[in-house]
Amino acid sequence: MSKERTLSIIKPDAVAKNVIGQIYQRFEDAGLKIVAAKMKHLSQAEAEGFYAVHKERPFFGELVAFMTSGPVMIQVLEGDNAISKNRDIMGATNPKEAAAGTIRADFAESIDANAVHGSDAPETAAVEIAYFFSSIELN
Ligand code: RTP
Ligand code: MG
């Protein structure tokens, strides 16, 4: 096992539902430590830049509109195999397909409003962490 860091975002739907604490508990129960965090209302440019990899996809406009619809809670999670562990506890992108007991199964509304984001690989984790956090915010 290797100690890793991953970027997590609690999306506007879950912030609006007042379940930040319940989702943080899922991270902690899985052995993921919150090592940096900030609440932010993303601008259009910030959301477009974050999801630039999807800019040619048909859902890009809706994704950016949703991600800018209210504040998000952004955190860096650290732990053994943090990237895949976080993806496991998040559940599938579409909450209808998410395994029982996962964050998306329990808190997500739809494939668009799906409660959480998590980095999907070491390379994207490094880029996404640096997108939102400066080196002095990361111990
Ligand atoms: P995320 O990046 O937010 O953690 O989600 P993910 O890896 O599970 O899914 P990804 O393929 O990266 O897609 C990013 C977000 O775009 C929306 N999406 N809609 N309508 C569609 O077919 C579709 N596919 C993706 C989802 O909200 C997804 O979280
Ligand atoms: Mg993704």
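Right, let's walk through the structure included here. This structure is a prediction, so every number in the text was calculated from the model and none was measured.

Before going further, it helps to spend a moment on the pattern of salt bridges. Between side chains of opposite charge, pairing is possible as soon as their charged atoms come close. One pass over the full model with this rule turns up six salt bridges. Its salt-bridge partner being Glu78, residue Lys3 comes within 3.5 Å of it at the nearest N-O pair. One end of the pair, Lys3, is in strand E1 (residues 3-10); the other, Glu78, is in strand E3 (residues 72-80), with 75 residues separating them in the sequence. In this structure Glu78 comes out as buried when scored by relative accessible area, which is 15%. With a closest N to O distance of 3.1 Å, Lys40 and Glu46 form a salt bridge. One salt-bridge network, held together by shared partners, links Lys3, Arg5 and Glu78.

Counting 19 residues, the largest nonpolar core has Leu7, Ile9, Leu42, Met67, Ile74, Phe132 and Phe133 as its most contacted members. Contributions of two or more residues to this core are made by E1, helix H3 (44-50), helix H4 (60-67), E3 and helix H7 (122-132). Per-element tally for this core: the top contributor is H4, with five residues. Judged by nonpolar contacts, the second largest core, of 17 residues, contains Val19, Ala82, Ile103 and Ala115.

A few words on the layout of surface pockets. Its boundaries defined by the atoms lining it, the largest pocket holds a volume of some 640 Å³. Contributing to the lining of the largest pocket are 26 residues, with Tyr51, His54, Phe59, Leu63 and His117 lying nearest its centre. Elements with a contribution of two residues or more to the lining of the largest pocket: H3, H4, helix H5 (82-90), strand E4 (116-118) and H7. Looking at the lining of the largest pocket, the element that brings in the most residues is H7, giving four residues. When grouped by side-chain class, the residues that make up the lining of the largest pocket number eleven nonpolar, eight polar and seven charged.

Attention now goes to the site of ligand 1. Every one of the 14 residues lining ligand 1 counts as a neighbour, but Lys11, Tyr51, Thr93, Ile111 and Asn114 are closest to it. Between ligand 1 and His54, the relevant distance is 2.9 Å, taken from an oxygen atom to a side-chain nitrogen or oxygen of the residue. The separation between an oxygen atom of ligand 1 and a polar side-chain atom of Arg104 is 3.2 Å. In isolation ligand 1 has 550 Å² of accessible area, and contact with the protein removes 79% of it. The pocket occupied by ligand 1, as judged from atoms lying within 2 Å of grid points, is the largest pocket. Looking at the shell around ligand 1, the elements that each hand over two or more residues are H5 and E4. The residue inventory of the shell around ligand 1, partitioned by class, reads five nonpolar, five polar and four charged.

The rules behind the values
Residues numbered from 1 in each chain as written. Chains lettered and ligands numbered in written order. Predicted model: local features only at pLDDT ≥ 70, side-chain atom pairs only at ≥ 80, totals over all residues. Heavy atoms only, no water. Salt bridge = Lys/Arg side-chain N within 4 Å of Asp/Glu carboxyl O. Helix = DSSP H or I, 4+ residues; strand = E, 2+ residues; numbered from the N terminus. Buried < 20%, exposed > 50% of the residue type's maximum accessible area, 1.4 Å probe, protein only. Core = buried A, V, L, I, M, F, W, Y, C linked by side-chain atoms within 4.5 Å. 1 Å grid on protein atoms, 1.4 Å probe; cavity = no way out; pocket = protein on both sides within 12 Å on 5 of 7 lines; lining within 4 Å. Points joined across faces, edges and corners; volume = space filled by probe spheres on them. Nonpolar A, V, L, I, M, F, W, Y, C, P; charged D, E, K, R; others polar. Near = heavy atom within 4 Å. Polar contact = N/O pair within 3.5 Å; in protein donor to acceptor, adjacent residues only side chain to side chain. Areas by Shrake-Rupley, 256 points an atom, 1.4 Å probe, with all protein chains shown as cover. Sits in = over half its atoms within 2 Å of the grid points.

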